[in-house]
Amino acid sequence: QVQLVESGGGLVQAGGSLRLSCAASGRAFSSLNMGWFRQAPGKERGFVAAIRRSVGGTYYADSVKGRFTISRDNAKNTVYRQMNSLKPEDTAVYYCGATSRISSASHLQGYDYWGQGTQVTVSS
């Protein structure tokens, strides 16, 4: 089992920045592929960014490319997402996902473990 705890959400004005963290425990962090998804009210949970376990390859949704950066610190068992130039449409609950499988980075079904989510609200 893997436990994931997100932190760093909050209220920010449009154009501002936030950094989200997701701390993992219960399994060797370096063996996990990690991803971030988000869910806005009335919408399905959608892919934001992912980072692979080995060489740390990264993937981004088109809507966040150039604004969001995903990174990981294996020594701290933590994955980060730096969010810059935030827009009101980025408002959502952000979830961290993890898997030890070889799976699609951008699909919900590719992840086996989820955190509780953290709210990000961007005001205009």
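Placed above this text is the structure.
Below you will find a few notes about this structure. A quick note: this is a predicted structure, and the numbers were derived from the prediction, not measured.

Attention shifts here to the overall build of the protein chain. A count of helical and extended segments in the protein chain gives 0 helices and 11 strands. When the helices and strands of the protein chain are listed from N to C terminus, the series reads β-β-β-β-β-β-β-β-β-β-β. In terms of overall dimensions, the protein chain is globule-like: its C-alpha atoms have a radius of gyration of 13 Å, near the 14 Å expected for 124 residues. Dimensions along the principal axes, computed over C-alpha positions, put the protein chain at roughly 40 × 30 × 25 Å. Here the protein chain holds 124 residues, and the buried ones make up 44% of them. Pairs at least 24 apart in sequence give 58% of the contacts found in the protein chain among residues at least 6 apart. Carbon and sulfur atoms make up 48% of the accessible area of the protein chain, which totals about 6100 Å².

A word on the packing of aromatic side chains. Taken as a whole and judged by the stated rule, the model has 4 aromatic pairs. Geometrically, the ring pair formed by Tyr111 and Trp114 is tilted, given 5.7 Å between the ring centres and 55° between the ring planes. Look at Tyr111 and you get buried, because its relative accessible area is 7%. Trp114 gets classed as partly exposed once you look at its relative accessible area, which sits at 28%. A connected cluster of aromatic rings, assembled from ring pairs, spans Phe37, Phe47, Tyr111 and Trp114. In this structure, Arg45 packs its charged tip against the face of Trp114, placed 5.1 Å from the ring centre. The ring of Phe29 has Arg72 lying over it, and the distance from NZ or CZ to the ring centre is 4.4 Å.

With that out of the way, let us pick up the state of the cysteines. If you walk through the whole model with that rule in mind, you get 1 disulfide. Between Cys22 and Cys96 runs a disulfide, and the two sulfur atoms are separated by 2.1 Å. Taking the torsion about the S-S bond as the criterion, the Cys22 to Cys96 disulfide, at about -80°, is left-handed. One end of the pair, Cys22, is in strand 3 (residues 18–25); the other, Cys96, is in strand 9 (residues 92–99), and 74 residues separate them in sequence. There is no split in this pair, since Cys22 and Cys96 are both buried.

In this section: empty space enclosed by the protein. Summed over all chains, the structure comprises 1 cavity of 30 Å³ or more. Taken as a whole, the largest cavity holds about 30 Å³ of empty space. Along its surface, the largest cavity is lined by Asn33, Met34, Ala50, Ile51, Arg52, Tyr59, Ser104, Ala105 and Tyr111. Elements with a contribution of two residues or more to the lining of the largest cavity: strand 4 (33–39) and strand 5 (46–51). Looking at the lining of the largest cavity residue by residue, the classes come out as 6 nonpolar, 2 polar and 1 charged.

Rules behind the numbers
- Residues numbered from 1 in each chain as written.
- Predicted model: local features only at pLDDT ≥ 70, side-chain atom pairs only at ≥ 80, totals over all residues.
- Heavy atoms only, no water.
- Helix = DSSP H or I, 4+ residues; strand = E, 2+ residues; numbered from the N terminus.
- Rg over C-alpha atoms; globule rule 2.2 N^0.38 Å.
- Buried < 20%, exposed > 50% of the residue type's maximum accessible area, 1.4 Å probe, protein only.
- Contact = heavy atoms within 4.5 Å.
- Areas by Shrake-Rupley, 256 points an atom, 1.4 Å probe, with all protein chains shown as cover.
- Phe/Tyr/Trp six-rings, centres within 6.5 Å; stacked < 30°, edge-to-face > 60°.
- Lys NZ or Arg CZ within 6 Å of the ring centre and 35° of its normal.
- Disulfide = S-S within 2.5 Å.
- 1 Å grid on protein atoms, 1.4 Å probe; cavity = no way out; pocket = protein on both sides within 12 Å on 5 of 7 lines; lining within 4 Å.
- Points joined across faces, edges and corners; volume = space filled by probe spheres on them.
- Nonpolar A, V, L, I, M, F, W, Y, C, P; charged D, E, K, R; others polar.

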